[in-house]
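Observations on the three-dimensional arrangement
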Amino acid sequence: MKRILFLLLAIGMTAMSSTSMAAMSKSRVRTETRFLTDKMAYELNLSTNQYNDAYEINYDFISSIRYVMDDVIRGYEWALDDYYQALDLRNDDLRYVLTDRQYRRFLRIDYFYRPVYTTGNSWNFRIYVTYVNHNHYYYGRPYHYRSYCGNHYRKSFHDASYYSGRYNQSYYSGSFRTRDESVYRNNRRSDFGTVNIRPNTSSRREESSSSRRERSSTRNENPSSRRESSSSSRRESSSTRNENSSSSRDSSSSSRRESSSGRREKSSVNREKSGSEVRESTKTERSSGSSRSSSRRSNRSNQSSERR
């Protein structure tokens, strides 16, 4: 009865540890990496420096496979090749960190050497089959638990191992690659025996879930860029309108000022003309008045002479 209960508990914990791309966030990557590295340090008796370097190597591995594991489950052969390539790079980096004795023991433990397997439509870490308590750790967090983000991954060093030559020790020099012809078929059957490989999927000719995710992320970024461009265009158009309106106001005000000055000049000219005309008419009236008065005086003098 106790054995049955233990098996049920193990199955339940394994189901809880089922992983998919939708749930594998950066925080989840750090948690999975720490749990795996913690058990490696416990069983392989790693030093503090080995523990920190093993954490980096496992982080880079888990962070890289989370983008292809959904496609592995869907049966894309190219995704399966990408997974085993990432696994061989991880195991190669660990050769430079572990001693020869530690690495030979590492190769004999499947949940360290080949940590991922599939069940049904999900992929899991083998470590949870043996260590069912997900909250138990033997050691504290690595010093760079939150700060490390793949700075020592091989892509940053022209596909060379950052850990080569860091330890003055003899390291394992035998066969370790999971894709060797002598072991690849058995490894693939043990790791992904439930996956039905689709025909003609050795290259990325068919659309995969990772490419769809990349396109969806691009679409999510495009609306923001469209919003930014539209807002910038609106701002530019509004500034253009403001400039046009200000220029039109300036031109209208200048035209009003010119028209008013023209009107003032015309009115002054008219006033001058009217004043000159008034003065001329006044002179004419005065001359005509003087001529009339002189004619009256001459008439009077004639009348007086006639009387005499």
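Tracing the sequence through the fold places arginine 126 in the loop between strand S2 (122–125) and helix H8 (127–130). Among the polar contacts listed, one links the side chain of arginine 126 to the backbone oxygen of arginine 114, at a separation of 2.5 Å. Only 3.3 Å separates the side chain of arginine 126 from the backbone oxygen of valine 116, close enough to count as a polar contact. Ignoring any residue separated from it by four or fewer positions in sequence, one finds arginine 126 in contact with Asp110, Tyr111, Arg114, Pro115, Val116, Tyr117, Ser190 and Asp191.

A word on the confidence of the model for the chain. The share of residues in the chain with pLDDT of 70 or more is 59%, and the mean pLDDT across the chain is 77. Throughout residues 13–18 the model reports pLDDT below 50, and contacts reaching past four residues in sequence, or to other chains, amount to 15 contacts.

Here we take up the pairing of strand S1 (residues 116–119). As paired elements, S1 and S2 share four bridges and run antiparallel to each other. Note that in S2 the partner of valine 116 across the bridge is phenylalanine 125. The antiparallel hairpin formed by S1 and S2 contains two residues in its connecting segment, where glycine 120 sits at a positive phi of about 65°.

Turning our attention to a nonpolar patch on the surface. Taken together, the side chains of Tyr42, Tyr138 and Tyr139 make up a nonpolar region of the molecular surface, amounting to roughly 290 Å² of accessible area. Secondary-structure assignment places tyrosine 42 in helix H2 (residues 26–44). On the basis of relative accessibility, which here comes to 43%, the residue tyrosine 42 falls in the partly exposed class.

Moving on, we get to empty space enclosed by the protein. Per the counting criterion, the structure on display carries one cavity of 30 Å³ or more. Roughly 70 Å³ of internal volume is contained in the largest cavity. Every residue lining the largest cavity is listed: Ile57, Asp60, Phe61, Ser64, Ala86, Leu89, Arg90, Asp93, Tyr153 and Arg154. Elements with a minimum of two residues in the lining of the largest cavity: helix H3 (48–65) and helix H5 (77–97). Residues belonging to the lining of the largest cavity are distributed by class as follows: five nonpolar, one polar and four charged.

Here the focus is the environment of aspartate 100. With respect to the helices and strands, the residue aspartate 100 is situated in helix H6 (residues 100–107). For the pair aspartate 100 and tyrosine 171, spaced 71 residues apart in sequence, the C-alpha to C-alpha distance is 4.6 Å. Residue contacts for aspartate 100: discarding those within four places in its chain leaves Ser170, Tyr171 and Tyr172. Of note is the side chain of aspartate 100, whose polar atom sits 3.0 Å from the side chain of arginine 104.

Phi is positive for asparagine 45, close to 55°, though the residue is something other than glycine. Checked against the element boundaries, asparagine 45 lands in the loop between H2 and H3.

Scoring rules and cut-offs
- Residues numbered from 1 in each chain as written.
- Predicted model: local features only at pLDDT ≥ 70, side-chain atom pairs only at ≥ 80, totals over all residues.
- Heavy atoms only, no water.
- Helix = DSSP H or I, 4+ residues; strand = E, 2+ residues; numbered from the N terminus.
- Polar contact = N/O pair within 3.5 Å; in protein donor to acceptor, adjacent residues only side chain to side chain.
- Contact = heavy atoms within 4.5 Å.
- pLDDT = per-residue confidence, 0-100.
- Pairing = 2+ DSSP bridges.
- Patch = residues over 30% accessible without salt bridge, like charges linked within 9 Å, V, L, I, M, F, W, Y side chains within 5 Å.
- Areas by Shrake-Rupley, 256 points an atom, 1.4 Å probe, with all protein chains shown as cover.
- Salt bridge = Lys/Arg side-chain N within 4 Å of Asp/Glu carboxyl O.
- Buried < 20%, exposed > 50% of the residue type's maximum accessible area, 1.4 Å probe, protein only.
- 1 Å grid on protein atoms, 1.4 Å probe; cavity = no way out; pocket = protein on both sides within 12 Å on 5 of 7 lines; lining within 4 Å.
- Points joined across faces, edges and corners; volume = space filled by probe spheres on them.
- Nonpolar A, V, L, I, M, F, W, Y, C, P; charged D, E, K, R; others polar.

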